[in-house]
Amino acid sequence: MTTVLLVDDEKLILRSLEKTLLRAGFDVLSASDCKSGRGVFTRNMNVINIAVLDLNMPGFDGLPKSGAGLDLLADLKKQKPSLPVVILTAYDEVTKAKDAVSGGASAFFVKGREQGLVELILRLLKVAG
Amino acid sequence: MTNDIQRHAILLKAAARAAKNITTILDPYELLQRTVDIICDEFGFYYAGVFFLDEAKEYAILKAGRGEAGREMINAQHKLAVGGNSMIGASIANRQGRIALDVGAEAIFFENPHLPKTRSEMALPLIVGDDVIGALTVQSMEESAFHDEDIDALQTMADQLAIAIQNSNLHRQAERRSRLLKAANRVGKDVTSILDLEKLLPQTVNIICESYGLYYAGVFLIDGSGEYAVLRAGYGKAGRAMVADGHKLKIGTDSMIGACISMSEARIALDVGEERVHFKNPYLPHTRSEMALPLVYGGRVMGAVTIQSSEERAFNEDDITTLSTMAEHLAVAINNARLIDELRDANAEILRNKVFEALTSASTEAIHWIGNKTLPISLTIARLHDEIVDGKVDLESLKEDLDMISESAALIIQVKEQLIGAVREQKPRLVLFADVLQTAAHQRGIPEKALKMEIDLEAAYVIADSTQLVRALGNILQNAAEAGAKSIKVSVQPSEEHGLLKIIIEDDGAGMENDVLSKAWSPFFTTRGVEHHGLGLPAALHVISQSQGRIALFSEKDKGTTVVMFMPRGSANDEPIEAGRVKSILLIDDKDDWAALFANLLKGTKVKLTQSTDLKNFPAADLILVDEHIKSIPLLELLTALSKTGLVSKTVILSAAINPERVTQFLRHGALDVTLKPYSAREVSELLK
C-alpha cells in the first residue's frame, strides 16, 4: 500500500484531497502545518512513500508564511533524500516552482485538477521505483 | 568808496544767506534749481547757472539755469569746452574765478542769444577738495557789476555750493543704497516663501522689477548638459516671448549671462562711457544698462539673474554688493524649490511603488484566498461525479462532501458581504454613537465587561450611516477580541478639528509587528488563519472614508492596538415630535443609552411610554417597539411570546444595523415592520406616523 503524507492548512482542501487519494487507493496521513507535518513524517518515515505539501501555510513557528512548504520540503529531504515531494499551490508562480525544484521537489502542482494529482503521484512513484 | 564798501558788504551778506539756504537742501535736483533761484533773488542778478563736468572732464554741461533761458539751454544740452574761450571753460581750467564786463579796456561782447541783457558775468569754479566738479556762472544786466574783490566773496558761496552738491550726492548715494537694500530684503523675503519652482521664477522677476523699478529682469538656469543657460522666466511680454522662444545663452561666451556664470561673478554693462555696450536684444529695445548676477548656492553656480534698466549708468560697482544679496536669497529660494520638487518626485515614486505593491499584494492574496475557498467545491463535485459514474456513492461520504461545499460557499458569501456591504450606498444621518457601538459589540459577541465607553456629552452624535458604522466598528472590535484583548476602551470627544469627533479604540491584545501593521489595510491579508477573509479593516476603512471620516491604526507587538477615527460630528435639535394617532408605546429594550434618548425625545408629547422586559406581562400599548439587539432577552423568544399574545402585529423591530435577511425573518414572525432606529425627533415623528 502506498502512503501519502498530505500537508495543507486549508482544512476543506485537505479533507477533499484526502478523500480523493483514499478513493484512488492510497493510504493518507495528513497534517495542517509545517510543524505537525514534520511530526507525522518523523513518526512514519518508513511507511511514507510520497509527500504532497502546500506551498503557503503556517511555518514551523505556527505563523502564516509565504513559501513555508519549501521549508518543510527541505526538512523532509534532509531526513529522507529519496522521498518524492509534490508542492501544491493555489496559483501559478514560476519563481516558486523553480525554488521548489532546486529544493529537491519532484513536481510543482497547481491546485484544481485533482485527478491530475493522482496521476502525478502514480507517475512519480513509478519513476522512484 | 563808501558805496563800494556798502555794495561789498551787501554782497557778502547775500553770499552768506545764499550759502546758508543752499546747504540745507539735500535733494540733488532741487538743490541745483533752487541754488540758481536763490542766487538771483539774493543778489538781484539777471541770471545764474550751474555746470557740471562730464565723465571725461572735457565739457562743462549746464545742469541748472535761471528761468526760461535756463530751461531752454538745458533742453538744448548746452555745454562748454573746458579750457576753451568761454568764461566757464576758463574758470574750470584755471580753477579760478573770472569776471567779464562789456565796458573798459577788456570789454567783452556777450552774445548768448538766450541771455541778451547780460552786461557783466562772473564765473566761479566749483571745487571739492582737489577736484573741480563744475562751475557757477552769475550774470548781471549792469555794466561793471562785479569787481575783482567780489570774487572772493562769491567764491566762498561757490565753495559752499560745491560742498552742498557733494553732500547731496553722498545723500543720494546713501538713499539709493538704502532703497536697494530694502528692495533686496523684500525680494529675499518674498522669494524664499515661494516653494514651487514653476511659480517662484516668474514671481521673482515680477518682484525684482517692481521692487527696483527696473525695465526688465530674467532668470537663467543652467541646463542638464551644463553648456547653456536657459531663460526660465522673464519679466513682462518680452520675457514671456523669450521663454516661449526657448531663449538660451552659451555659458562662457561673450554674453553677459554666459560670462557671469562661467566666471561666477557679477557683471555690469552700460551703453555709455569708454566701454560702451550696444544692447541689441530686439525684445528689449530700451535697455541702456544691464547687470548680471550669478546664482550660487553651496559653491555651485545654478544660473544667473539679469536685471536691466532703461536708464544710462543705472548700475555701479557699489550696487553689486547690494544686488548680490538679492541674488543669494534667490539662489537659496531656487535651491529650496528644487529640493521640494525632488522630494515631491521621490514621494510620488514611492507612492507609485507602494500602490503597485499594495495592488500586487492584494491581488495575490485575493487569488490565493478565492482559489483556496472555491477549490474544495470543484474538487468535491468532481469526486462526487466520479463516484456517481462508478455507482459507488456512500451516503456518509456524500453528506461530508455536501457539508464541505456548503462551508466553502458560506465563506465566499461572507467575503461578498464584506466587499459589497461596505460599498452599499450610505445614508448618513444623526446617529447616537454609544448605541451603534453597543450594537456592534453585541453582534460580535464582545462581553459587556470588556467594553469600556467614555463618551463626552458634546460628542454623543456622529453623522453616519448607522448600518455601515456598526459594520466598521464591529470589524474593529472583532479584531481586538481575536487579538486576545481583555479590555477594549472606547473614548469619544470633540476633535480640535472643527466639526469632527475623535474616536479612540484601544485594546490590550497581542498587537502587531511593524511588517504586519504595514499590510493591515490590504484586502485578504490576515494573520488569523484560513477561516478569515482579511477584509475587516479594509471594509472599515472604506466605510469611514465614505462617511467623510479618517481612520488610522497604531500597534505594538504585545502592547495592543489603537484605532483612531475622525468622523463628522452631529448635534441634536429640538424639533417637536408629531405622534400621529399613537397615544401609548411599550418599549421592550434594555435600559441603555438609546432607550434613555428615546424617552427623552418623547418628553413633552402626549405619548405614554412604558419600558419593560417582562415576557409574561406586556403592558397595553398602541405600539410595541423592540430593539433588535436587546441583550436581556433572546429576540426570537420575545417574538414568540408576542405572537402568542397576538401583540406581534403591532410590534416594530428597531435596528441600528438593518439586514435584509433578518428583516425577512422578523416579518415572517408576524412583526408589523422592521426599521432603522430613530435617533432624532424628526425620525421619531416618521416612525410614529
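Residues numbered from 1 in each chain as written. Chains lettered and ligands numbered in written order. Predicted model: local features only at pLDDT ≥ 70, side-chain atom pairs only at ≥ 80, totals over all residues.

1. Details of the overall build of chain B
How we decide: Only DSSP runs of H or I with at least four residues qualify as helices, and only runs of E with at least two residues qualify as strands; both kinds are numbered from the N terminus onward. Burial is judged by counting the other C-beta atoms within 10 Å of a residue's own C-beta: 20 or more makes it buried, 12 or fewer makes it exposed, and any count in between marks it as partly exposed, with every C-beta position built from the backbone. Contacts are defined on C-beta atoms placed from the backbone: any two residues whose C-beta positions lie within 7 Å are in contact.
Each helix and strand counted, chain B has 18 helices and 24 strands in total. Across the 689 residues that make up chain B, the buried fraction comes to 41%. Counting contacts in chain B only where the partners sit at least 6 residues apart, residues at least 24 apart contribute 64% of the total.

2. A word on the overall build of chain A
Along chain A, the regular secondary structure elements total five helices and seven strands. In sequence order, the secondary structure elements of chain A are arranged as β-α-β-α-β-β-β-α-β-α-β-α. Looking at chain A residue by residue over its 129 residues, the buried ones come to 41%. Here the contacts in chain A between residues at least 6 apart in sequence split such that 54% fall between residues at least 24 apart.

3. Things to note about the pairing of strand β1 (residues 3–7) of chain A
Residue and element names in this part refer to chain A. Keep this limit in mind: In short, DSSP must find at least two bridges between two strands for them to pair. Orient the strands so they point away from the viewer, and a crossover whose first-strand-to-second-strand path over the helix runs clockwise is right-handed.
When you tally the buried positions in β1, you get four out of five residues, the bulk of the element. Bridging between β1 and strand β3 (residues 48–54) involves five bridges; their strand directions are parallel. Its bridge partner being in β3, leucine 5 is matched across the sheet by alanine 51. Each parallel crossover has a hand, and for β1 linked through helix α1 (residues 11–23) to strand β2 (residues 27–31) it is right-handed.

4. With respect to helix α18 (residues 681–688) of chain B
Given 3.6 residues per helical turn, the α-helix brings residues three or four places apart onto the same face. Residues and elements named next belong to chain B. Quick reminder of the rule: The directions from the helix axis to the C-beta atoms are what the arc is built from.
Looking at α18, one finds that the buried residues are Ala681, Val684, Leu687 and Leu688. Projected down its long axis, α18 shows its buried positions confined to an angular sector of 115°, all on one face. Against α15 (593–602) and β24 (673–676) lie the buried residues of α18.

5. Describing the sheet that holds β1 of chain A
Sheet strands associate in pairs through backbone hydrogen bonding, adopting either a parallel or an antiparallel arrangement. Residue and element names in this part refer to chain A. Applicable threshold: To get an axis, fit a line to the C-alpha atoms, keeping to the stretch in contact for a helix; angles then go from 0 to 180 degrees between the N-to-C directions.
Spatially, β2-β1-β3-β6-β7 is the arrangement adopted by the five strands of the open sheet, whose pairing is parallel. A single partner strand is all that each edge strand has here, and the edge strands are β2 and β7 (107–110). If you compare each strand with its neighbour and ignore which way they point, the axes differ by 25° on average. Pairing between β3 and strand β6 (residues 85–89): four bridges, direction parallel.

6. Here's the deal with the pairing of strand β16 (residues 488–494) of chain B
Residues and elements named next belong to chain B. Sheet analysis places strand β14 (residues 451–455) next to β16, joined by five bridges and oriented parallel. Counted as the bridge partner of methionine 453 is valine 490 from β16. Judged from the seven bridges that link them, β16 and strand β17 (residues 500–507) form a sheet pairing that is antiparallel. In the sheet register, valine 490 faces β17, and the bridge partner there is isoleucine 505. Between β16 and β17, which pair antiparallel in sequence order, lie five residues; one of them, glycine 499, sits at a positive phi of approximately 80°.

7. With respect to the packing of helix α5 (residues 148–192) of chain B against helix α6 (residues 197–212) of chain B
All names here are of chain B. Our working definition: When an angle is under 35 degrees it counts as roughly parallel; over 145 it counts as roughly antiparallel; between 65 and 115 it counts as roughly perpendicular; any other value is oblique. Two helices crossing with the near one rotated counterclockwise from the far one by less than a right angle form a left-handed crossing, whereas a clockwise rotation gives a right-handed crossing. Under the scheme applied here, ten amino acids are nonpolar (Ala, Val, Leu, Ile, Met, Phe, Trp, Tyr, Cys and Pro), four are charged (Asp, Glu, Lys and Arg), and all others, including Gly, are polar.
Where α5 meets α6, the axes come as close as 10 Å, and the angle between the chain directions of the two elements is 160°. Judged on the interaxial angle alone, α6 and α5 are roughly antiparallel. α5 and α6 meet at a crossing whose hand is right-handed. In this structure, α5 uses Ala183, Arg186, Val187, Asp190 and Val191 to contact α6, whose residues at the interface are Leu200, Thr204, Ile207, Ile208, Ser211 and Tyr212. The residue inventory of the contact of α5 with α6, partitioned by class, reads seven nonpolar, two polar and two charged.

8. Focus on the environment of aspartate 33 of chain A
All names here are of chain A. Here aspartate 33 shows up in the loop between β2 and α2 (34–44). Each C-alpha atom of the pair aspartate 33 and proline 58 lies 5.3 Å from the other, and the pair is 25 residues apart in sequence. Aspartate 33 has contacts with Asp9, Met57, Pro58 and Gly62, leaving out every residue within four places of it along the chain.

9. A word on helix α4 (residues 87–94) of chain B
Residue and element names in this part refer to chain B. Among all positions in α4, only Met87, Ile88, Gly89, Ser91 and Ile92 are buried. On its buried face, α4 is in contact with β1 (47–53), β2 (59–65), β3 (79–81), β4 (98–101), β5 (120–128) and β6 (131–140). In the stretch just after α4, arginine 95 is the one whose phi turns positive, near 55°.

10. A few points about the nonpolar core
Soluble globular proteins tend to pack their nonpolar side chains together in the buried interior. Residues and elements named next belong to chain B. Operational definition: In this usage, the nonpolar core is the set of buried Ala, Val, Leu, Ile, Met, Phe, Trp, Tyr and Cys residues whose C-beta atoms join them within 7 Å.
Ranked by internal contacts, the top residues of the largest apolar core, which has 75 residues, are Val431, Phe433, Val436, Leu473, Leu477 and Ala540. Residue contributions to this core peak at eight residues, all from helix α12 (residues 466–482). Excluding residues within four positions of it along the chain, leucine 477 makes contact with Ala440, Ala441, Arg444, Ile446 and Ile488. With 54 residues, the next largest nonpolar core counts Ala183, Ile207, Met256 and Leu323 among its residues.

11. Considerations on the sheet that holds strand β10 (residues 267–270) of chain B
All names here are of chain B. The sheet built from six strands is open, its strands ordered β9-β8-β7-β12-β11-β10 with antiparallel pairing. The open sheet has two free edges, formed respectively by β9 (248–250) and β10, since each of these has just one partner strand. Adjacent strand axes in the sheet meet at a mean angle of 25° when their direction is disregarded. Across five bridges, the pairing between strand β7 (residues 216–222) and strand β8 (residues 228–234) is antiparallel. Pairing of phenylalanine 220 across the sheet is with leucine 231, part of β8. Contacts between helix α7 (residues 236–244) and the sheet are confined to β7 and β8, with β8 contributing the most and set at about 140° to the helix.

12. Side note on the packing of α12 of chain B against helix α14 (residues 536–546) of chain B
Residues and elements named next belong to chain B. Where α12 contacts α14, the two axes come as close as 9 Å, and the packing angle between them is 145°. α12 and α14 meet at a crossing whose hand is left-handed. Contacts between α12 and α14 pair Gln468, Leu469, Arg471, Ala472, Asn475, Ile476, Gln478 and Asn479 from the former with Gly536, Leu537, Ala539, Ala540, Val543 and Ile544 from the latter. Tallied by class, residues from the contact of α12 with α14 come to eight nonpolar, five polar and one charged.

13. Things to note about unusual backbone geometry
Residues and elements named next belong to chain B. One non-glycine residue with positive phi stands out, namely lysine 57, at about 60°. According to the C-beta neighbour criterion, lysine 57 is exposed, with 12 such atoms within 10 Å. The phi dihedral of glutamine 548 falls on the positive side, at around 65°, and the residue is not glycine. By secondary structure assignment, the location of glutamine 548 is in the loop between α14 and β18 (550–556). What makes glutamine 548 partly exposed here is the crowd of 15 C-beta atoms within 10 Å.

14. Brief notes about the environment of phenylalanine 554 of chain B
Residues and elements named next belong to chain B. The topology assignment puts phenylalanine 554 in strand β18. What makes phenylalanine 554 partly exposed here is the crowd of 15 C-beta atoms within 10 Å. As a C-alpha pair, phenylalanine 554 and glutamate 506 span 48 residues in sequence and 9.3 Å in three-dimensional space.

15. Details of the confidence of the model for chain B
Using the following cut-off: pLDDT measures how confident the predictor is about each residue, on a scale from 0 to 100.
Taken residue by residue, chain B gives an average pLDDT of 84. The fraction at 70 or more is 92%. In the model output, the complex is listed with pTM 0.47 alongside ipTM 0.75.

16. As for the environment of phenylalanine 566 of chain B
With respect to the secondary-structure elements, phenylalanine 566 of chain B resides in strand β19 (residues 560–570). Non-local contacts of phenylalanine 566 of chain B, meaning those with residues more than four positions away in its chain, are made with Ser495, Glu497, Leu500, Leu501, Lys502, Gly549 and Arg550 of chain B.

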